[in-house]
Structure formats: structure tokens, C-alpha cells
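Observations on the three-dimensional arrangement
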Amino acid sequence: MTDLPKLTDATLTLENRVATLTMNRHDLRNALTGSALIDDIVTTAEWVNICPDVSVLLLTGAGSAFSSGGNIKDMAERGGDFAGNVAEVENHYRRGIQRIPLALQNVEVPIIAAVNGPAIGAGFDLANMRDIRLASTKAKFGETFLNLGIIPGDGGAWFMQRLIGYQRAAELTLSGRVINAQQAKEYGLVLDVYEPDDLMAEASKMAQQFASQPPKATRLTKRLLKMAQRTELKDFLDLSACFQGMSHNEPEHLEAVLAFMEKMK
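To keep things clear, this report deals only with the structure shown in the data block. (Residues numbered from 1 in each chain as written. Predicted model: local features only at pLDDT ≥ 70, side-chain atom pairs only at ≥ 80, totals over all residues. Heavy atoms only, no water.)

So, the overall build of the protein chain
We count it as follows: Under the scheme used here, helices are H or I runs from DSSP no shorter than 4 residues and strands are E runs no shorter than 2 residues, and both carry numbers assigned from the N terminus. Classification of residues uses two cut-offs on accessible area relative to the type maximum, computed with a 1.4 Å probe and protein chains only: under 20% is buried, over 50% is exposed, and between them is partly exposed. The criterion used for residue contact is that any of the two residues' heavy atoms lie within 4.5 Å.
On a plain count of helices and strands, the protein chain comes out with 12 helices and nine strands. Taken over the C-alpha atoms alone, the protein chain extends approximately 65 × 40 × 35 Å along its principal axes. Relative to its 265 residues, the protein chain shows a buried fraction of 46%. Taking contacts inside the protein chain between residues at least 6 apart in sequence as the whole, the part at least 24 apart equals 67%.

Focus on the pattern of salt bridges
Selection criterion: One speaks of a salt bridge when a side-chain nitrogen belonging to Lys or Arg is within 4 Å of a carboxyl oxygen belonging to Asp or Glu.
Under the definition given, this model contains 12 salt bridges. Measuring nitrogen to oxygen at the nearest pair gives 2.8 Å for the salt bridge that ties R99 to D39. With R99 in helix 4 (residues 99-105) and D39 in helix 1 (residues 37-50), the pair connects residues that are 60 residues apart, well separated along the chain. Here R99 falls in the partly exposed class, since its relative accessible area comes to 29%.

With respect to the environment of A65
Following the sequence through the fold, A65 ends up in the loop between strand 3 (56-61) and helix 2 (72-76). C-alpha separation for the pair A65 and Q213, spaced 148 residues apart in sequence, amounts to 31 Å. Setting aside its immediate chain neighbours within four residues, A65 contacts R29, N30, N116, G117 and P118.

Description of helix 11 (residues 233-248)
To keep things clear, this is the line we draw: To estimate the expected span of a helix, count its residues, drop one, and scale the result by 1.5 Å. This arc is built from the directions going out from the helix axis to the C-beta atoms.
Helix length check: helix 11 (16 residues) gives 22 Å between terminal C-alpha atoms against 22 Å at 1.5 Å per residue, within 8%. Listed in full, the buried residues belonging to helix 11 are F236, S240, F243 and S247. Considered in projection along helix 11, the buried side chains sweep an arc of 70° and stay on one side of the axis. Residues of helix 11 that are exposed and point more than 90 degrees away from the buried face comprise K234 and A241. If you follow the buried residues of helix 11, they end up packed against helix 10 (215-227) and helix 12 (251-264).

Thoughts on the environment of H26
Among the secondary structure elements, H26 is positioned in the loop between strand 2 (18-23) and helix 1. Each C-alpha atom, one on H26 and one on L148, is 22 Å from the other, the two residues being 122 residues apart in sequence. Beyond its immediate sequence surroundings of up to four residues, H26 is in contact with A62 and G63.

Topic: the packing of aromatic side chains
The test is simple: For Phe, Tyr and Trp, rings pair up if their centres lie within 6.5 Å, where Trp contributes its six-membered ring, and each pair is then called stacked (planes under 30 degrees apart), edge-to-face (over 60) or tilted (otherwise). Definition used: whenever NZ (Lys) or CZ (Arg) falls within 6 Å of the ring centre and also within 35 degrees of the ring normal, the charge is taken to sit over that ring.
The tally for this structure, following the rule as stated, stands at three aromatic pairs. With centroids separated by 5.0 Å and ring planes inclined at 75°, the aromatic side chains of W158 and F159 adopt a geometry described as edge-to-face. Taking relative accessible area as the criterion, W158 reaches 40% and is therefore assigned partly exposed. Sitting above the plane of the W158 ring, R162 keeps its charged end 3.7 Å from the centroid. Above the plane of the ring of Y187 lies R168, whose end atom (NZ or CZ) is 3.9 Å from the centre.

As for the nonpolar core
Our working rule: Among the buried residues, those of types Ala, Val, Leu, Ile, Met, Phe, Trp, Tyr and Cys that are joined through side-chain atoms within 4.5 Å form a nonpolar core.
With 50 residues, the main nonpolar core has L32, I100 and F141 as its most contacted residues. A per-element tally of this core places helix 1 first, with seven residues. Among all residues touching L32, those that are not within four sequence positions of it are M23, L37, I38, I41, S67, G69, I97, I100, A122, G123 and L126. Among the nonpolar cores identified, the runner-up in size contains 13 residues, and A114, M206, A207 and A211 belong to it.

So, a nonpolar patch on the surface
For the record, the criterion: To count toward a patch, a residue needs a relative accessible area over 30% and no salt bridge; like charges are then connected within 9 Å, while nonpolar side chains (Val, Leu, Ile, Met, Phe, Trp, Tyr) are connected within 5 Å. A 1.4 Å probe and the Shrake-Rupley method give the accessible areas. Residues count as covered only by the protein chains that appear here.
Side chains of L254, V257, L258, F260, M261 and M264 sit close together on the surface and give an oily, nonpolar patch of about 630 Å² of accessible area. Within the secondary structure layout, M261 lies in helix 12.

Describing the sheet that holds strand 5 (residues 119-120)
Test applied: Strand pairing requires that DSSP identify at least two bridges connecting the strands.
Within the open sheet, the three strands sit side by side as 5-7-8. Their pairing is mixed. Every interior strand has two partners, whereas the edge strands, strand 5 and strand 8 (178-180), have only one. Here strand 7 (residues 140-142) pairs with strand 8 via three bridges, running antiparallel. The residue bridging K140 from the neighbouring strand is N180, located in strand 8.

Geometry only, nothing functional implied.
Structure representation (C-alpha cells):
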């Protein structure tokens, strides 16, 4: 049986190659700062990469919110990650919330966000760091940093424009307005929208579909998708040829081919 990492403010399960991470600080609306959720998310990301029994990571929130982002109480009191002079706050960010995008960008399996409720500020950015986002009709999304007189310090300005283009990302960021789930789908921020009672079932169904694919080839494919965003075509094709050579020599490839041929009969 696979040993799960010990988490503080989140729960983690593993079933049929799908790891489900649930942020469990609904008393803070799953705020990422002022809780242990940063450590829990980073720990899970690192565990996924070394655990061969995981093919998909599914993230959601407990309670009514997906994540409210930064802890507003700490901001008002200049406490926690927001305490100190310029250099100290910078260090809090670099050693705190900025660990999340770096960790998630390196995850080798597909990541699905099941956005069960409001995803605001850094919570919105957290959803945008996933490969695929599915939303409840109760979900809301807002890049609301400017409303508080701060900037997206967690990488939000990097992620959103790569999802929906510079112009739309700039409008949402500069206005700080909050949009509903259907608008998020129209903008291309989420893939689909479901009724609250159906969200996790649909997210799990997608996760199981991904997890049913050959696991080693799935991880290589996820790595290729990420590398395609930052690699020139010639270098990318060379890498693809190398990964393909690896795939053709894996037992799971022959098993998949034989299963396909049997199905064709």
C-alpha cells in the first residue's frame, strides 16, 4: 500500500491511480496564507512525482469556497506573510506562496481543479496553475489584487494570459472584477460547468479516464505539453523523438497495442 504524505490543513486520498487533494480550512475559506496549505500543496506535488502509483492529481476545496487566496486579516494587521519591510515581505513571498507555482509547474501528471466555490486572488491563480479546470455553478473567479492595492505576487499575471490571451487577462487583472462560472467558461478559463452535486463526480470521471492510460507514457506526454510552451520546434521534435524511443521500449506500449488489436477483432 502506498504511503501518503502527512498533511496539516488538507486531506489526501489515492484511489485507482487518482490522488485527490482537498484543501480543508473552510473556516478560513481555504486561504493559502495564514494556514499550512502552501506546505500541504507543495508536499503533495513533490510526492506525486516520486510515486509511480499516481497518474492524475485532482484538487478541490472543502466547504463553500475553493480558495479565498490571501488571508485578509493578516494583511490588515500587517502580520504573517505580510509583516516586515520590503526585503522581509519579498522573502516571505519567495519562500512562501511562490513555492506553489514552481512546484505545480513541475508536476509530471495531469492536474485537474474541481472549483467548488469562489476562487479569488491567489485562489484564482491556484486554479489557473492546473492543466484543466472544471467549475461548479457556485464558483466565482476574480483577479482582485488591485482592489487591495497589491499586485499578483504569486505568478497570476504569468499564468492567466497564457490561458486566455493578454487582452482579456489584462482587463480582468486591471479591473479586479469578479466573474461567474459561465463567464469563466466563455473566456476559456474553465473547460466546463456543472451543478454543485455533480462537480466531483464529473471531475473524478475525467480523472479516471486519464488514469486508465498507460502511466509512463502519460507522464512523458504531460512533460511534453509543458515543454512545448517554452521550446523551439526543432529542439522540441528532438525531445519528442527521444521520449518516443523510451515509450516504444516500455512493456506498457506492447500491452496497449495488443489490447487494441484484440479490441479490433
